[in-house]
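Okay, here's what each chain looks like letter by letter:
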Amino acid sequence: MTKIIGKYNWQDRVPSYIKLEDLTEQQQHRLIESDSFCMLPWIHLHAWPDGRAYPCCLGKANHPVGNFKEKPMAEIWNDAPMRQMRRNMLEDRPCVECGDCYEQESVGFASMRNNSNKNFGQHIAEINETLPDGSLPDFRLHYWDVRFSNICQLKCRSCGSIFSSRWYDDDVKLWGKELRPRIQFAGRHEEDVWQQMQQHVPHLDQIYFAGGEPLIMEEHNRILKLLIEKGNTDVRLIYNTNLNDLRFKRESVLDLWKQFPNVCVAASLDDQGDRAEVIRSGTKWAQVEQNIRDLKRECPHIDFMISPTLSMMNIWNFTRFHRYMVESGFIEAKDFNLNILQGPEAYRIDVLPADIKLKFKAEFEEHIKWLEPIDTITRAVGGFQGAIEFMMATDNSHLLDKFWSLTTDLDAVRNESLLAVVPELGQILKYSSKYQTEQQAFVESYTNVADPLWPKISTVEEFYALSKEIQQEVIETFNITPPQ
């Protein structure tokens, strides 16, 4: 693998593996300045566990470019959607598939598109092979990211049964029927994608393993062993893993990683302790911490980072979680790769009410002051700055009721309480129409049964300002319970 040229800065768009003077003016424009060009349609093809194909893992869900269950990868590579994307990008026109990247860039995030041009810009000459109709005669994948299956041991609240087999039972309870098979495989049969991928091993620069949970997938072990067998261990291995398991069939992944010099492990951890165990249900936090210690001890060459996804559920403890991971010696401050949740839409942080947003804006700005002197590559700083911009750019507070509906429905089928482990969520309860209706009903009930000596109230807050004796008497005598 070619070494990075020059000093690495997370937020700039300069290609990492080719010198600027080796690029033409047009190539520099496409890689650094263009608002639409991306290397991925020339070097990559992505698949979900249900078979839907996309130009990358951020491709818009309602705009697949094909389906691995219906056609082989080589056909999808030059089908109409991929040809159109290449033509659009060569003409500096936007693509409908790329909306999530455009949204991230509009608020200052380093998007998947930006990072792909940075990490794969050395292949820019290959776009010259594009034919006028947008097809690309040679099918060579330099970058792999195929979700072979949805096998996972967690059922994160922001996920679903497409990407996690553990979600299957919850889906049945929530919908009263099976939505899809418990275990899903991306290809026409279980071995299909694996068989098609092997021809691309000689061309590989980078593999991104995610899930499901990649460390408990058969295909993950197969790929690493194949690369070792072929002597191709200089491929960059990048992981998004929940880090609950470091062993597969009694074999430690640490022993395999020791044979690869370029490994980056990003742990998808959103919070700590019991918060982590409810937000990403199935997490064993004590085991995760021990696994981090084992990884850092056994494989000190690995670039380890935390890669949290910022949402309505974990924003309340987010800066403290970052500091905890730093102060515990798990990461340096810079090794916090902040992702912003863009869907499901009710979990986005721009759903927060305006006054709560201002609170977090101030908190994040203070956190950035702590970060700036110690974040040498501006990764964490850029993430928090982008989060502020994203949160303030749009008012989606009309989705608050939907957030509470999703939360209470999932609490019920899992016998959990998100509010119990994230009590700060109570600050936004008063904005929900359901809660406001319950408040009004309580005040009316209180007024109807009130003793003449009791104070009048017009809000639940005024009830809680009464003496404990009156509160208890009302609740016990008239069996009316105030909203919490």
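Refer to the structure above for everything that follows.
The shown structure was predicted, so the numbers you read here are calculated from the model rather than taken from an experiment.

Criteria and cut-off values
Residues numbered from 1 in each chain as written. Predicted model: local features only at pLDDT ≥ 70, side-chain atom pairs only at ≥ 80, totals over all residues. Heavy atoms only, no water. Pairing = 2+ DSSP bridges. Helix = DSSP H or I, 4+ residues; strand = E, 2+ residues; numbered from the N terminus. Buried < 20%, exposed > 50% of the residue type's maximum accessible area, 1.4 Å probe, protein only. Phe/Tyr/Trp six-rings, centres within 6.5 Å; stacked < 30°, edge-to-face > 60°. Lys NZ or Arg CZ within 6 Å of the ring centre and 35° of its normal.

*Asks:* Could you clarify how one ought to interpret the sheet that holds strand β3 (residues 66-67) in this entry?
*Replies:* The strands making up a sheet associate through backbone hydrogen bonding, with each pair oriented either parallel or antiparallel. Read across the open sheet, the eight strands follow the order β3-β2-β1-β4-β6-β7-β10-β12; overall the sheet is mixed. A single partner strand is all that each edge strand has here, and the edge strands are β3 and β12 (303-306). Both strand β2 (residues 52-54) and β3 contribute to a ladder of two bridges, which runs antiparallel. Its bridge partner being in β3, R52 is matched across the sheet by N67.

*Asks:* Whenever I open this one, unusual backbone geometry confuses me. Can you help?
*Replies:* Keep in mind that most residues, glycine aside, have a negative phi and that most peptide bonds are trans. Going from G211 to G212, the amide bond is cis rather than trans, its omega being 5 degrees. As for its position among the elements, G212 is in the loop between β6 (206-209) and α9 (218-230). Residue G343 is joined to P344 through a cis peptide bond whose omega torsion reads 5 degrees. As for its position among the elements, P344 is in the loop between β14 (339-340) and α14 (354-371). Phi angles above zero are rare outside glycine, and L243 is one such case at about 60 degrees. As for its placement among the helices and strands, L243 is situated in the loop between β7 (236-241) and β8 (247-248). Taking the relative accessible area as the measure of exposure, L243 reaches 0% and is therefore buried.

*Asks:* What is the right way to read the packing of aromatic side chains from this model?
*Replies:* The geometry of an aromatic ring pair comes down to the distance between the two centres and the angle between the two planes. By the definition in use, this model includes 18 aromatic pairs. Seen in terms of ring centroids, Y239 and W257 are 5.0 Å apart; in terms of plane orientation they differ by 65 degrees. Their pairing is edge-to-face. Within this pair, whereas Y239 is found in strand β7, its partner W257 is found in helix α10 (residues 253-257), the two being separated by 18 residues in sequence. Lying over the aromatic face of W77, R86 brings its terminal NZ or CZ to 4.7 Å of the ring centre. One residue, R323, lies across the ring of W370, its end atom 4.2 Å from the ring centre.

*Asks:* It is not clear to me how the environment of F442 should be interpreted in this structure. Could you clarify?
*Replies:* Along the polypeptide, F442 turns up in helix α18 (residues 433-449). Exposure remark for F442: the relative accessible area of 4% places this residue in the buried category.

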